[in-house]
Amino acid sequence: MGEQKRKESAKAEFVFGKKNYKFMLIGLAFIAIGFILMSGGGSDDPNVFDPSIFSFRRIRLAPTLILIGFAIEVYAILLNPNKGDSKK
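In this text the structure is predicted, and so the values were computed from the model without any measurement.

Topic: the packing of aromatic side chains
Inference 1: Applying the stated criterion across every chain yields a total of 3 aromatic pairs.
Inference 2: Ring geometry for Phe23 versus Tyr75: centroids 5.2 Å apart, planes at 85°, classification edge-to-face. Residue Phe23 is found in helix 2 (residues 18-38), and its partner Tyr75 is found in helix 3 (residues 56-78); the two are separated by 52 residues along the sequence.

Have a look at this one:
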């Protein structure tokens, strides 16, 4: 009888809930958009200087989006999925 109770109480549960995964996907989207905005701006000729590598988009916006994405990821990991549940 005790073994059956242990099996019932040891049901496989995911560590993260649906809400956690939503925030993780949002964070990954922010990170991906930041890296996409940071890419490009190179010159085909190495002897020609291209000043577009110092644009606002590459120097300020893209790294900011990446940092926001990482902050969202940390929040998603630390978010308690069972906060509103009264099961336990």
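Quick notes on the side chain of Glu73
Inference 1: With respect to the element layout, Glu73 can be found in helix 3.
Inference 2: Lys22 provides the closest opposite charge to the buried, unpaired Glu73, separated from it by 15 Å.
Inference 3: Those residues within four positions of Glu73 in sequence are excluded, and the remaining contacts are Phe23, Met24, Gly27, Leu28 and Ile31.

Some details on the environment of Ser52
Inference 1: Within the element layout of this structure, Ser52 appears in the loop between helix 2 and helix 3.
Inference 2: Taking C-alpha positions, Ser52 is 5.9 Å from Gly41, a pair spaced 11 residues apart along the chain.
Inference 3: Discounting residues that sit within four places of it in the chain, Ser52 has contacts with Gly41 and Arg58.

Thoughts on the packing of helix 2 against helix 3
Inference 1: Contact pair helix 2 / helix 3: the axes reach a minimum separation of 8 Å and the direction vectors enclose 165°. By the criterion of interaxial angle, the relationship of helix 2 to helix 3 is roughly antiparallel. Crossing of helix 2 against helix 3: the hand is left-handed.
Inference 2: Of the residues assigned to the contact of helix 2 with helix 3, the class counts are 21 nonpolar, 4 polar and 3 charged.

Some points on a nonpolar patch on the surface
Inference 1: Together, Phe49, Ile53, Phe54 and Ile59 make up an exposed nonpolar region whose accessible area comes to about 430 Å².
Inference 2: Examined against the element boundaries, Ile59 turns out to sit in helix 3.
Inference 3: The exposure class assigned to Ile59 is partly exposed, which follows from its relative accessible area of 45%.

Analysis parameters
Residues numbered from 1 in each chain as written. Predicted model: local features only at pLDDT ≥ 70, side-chain atom pairs only at ≥ 80, totals over all residues. Heavy atoms only, no water. Phe/Tyr/Trp six-rings, centres within 6.5 Å; stacked < 30°, edge-to-face > 60°. Helix = DSSP H or I, 4+ residues; strand = E, 2+ residues; numbered from the N terminus. Buried < 20%, exposed > 50% of the residue type's maximum accessible area, 1.4 Å probe, protein only. Lys, Arg positive; Asp, Glu negative; His and termini not counted. Salt bridge = Lys/Arg side-chain N within 4 Å of Asp/Glu carboxyl O. Contact = heavy atoms within 4.5 Å. Axes fitted to C-alpha atoms, helices over the stretch in contact; angles between N-to-C directions. Parallel < 35°, antiparallel > 145°, perpendicular 65-115°, else oblique. Left-handed = near helix turned anticlockwise from the far one by under 90°. Nonpolar A, V, L, I, M, F, W, Y, C, P; charged D, E, K, R; others polar. Patch = residues over 30% accessible without salt bridge, like charges linked within 9 Å, V, L, I, M, F, W, Y side chains within 5 Å. Areas by Shrake-Rupley, 256 points an atom, 1.4 Å probe, with all protein chains shown as cover.

Taken by themselves, the reported measurements are silent on function.
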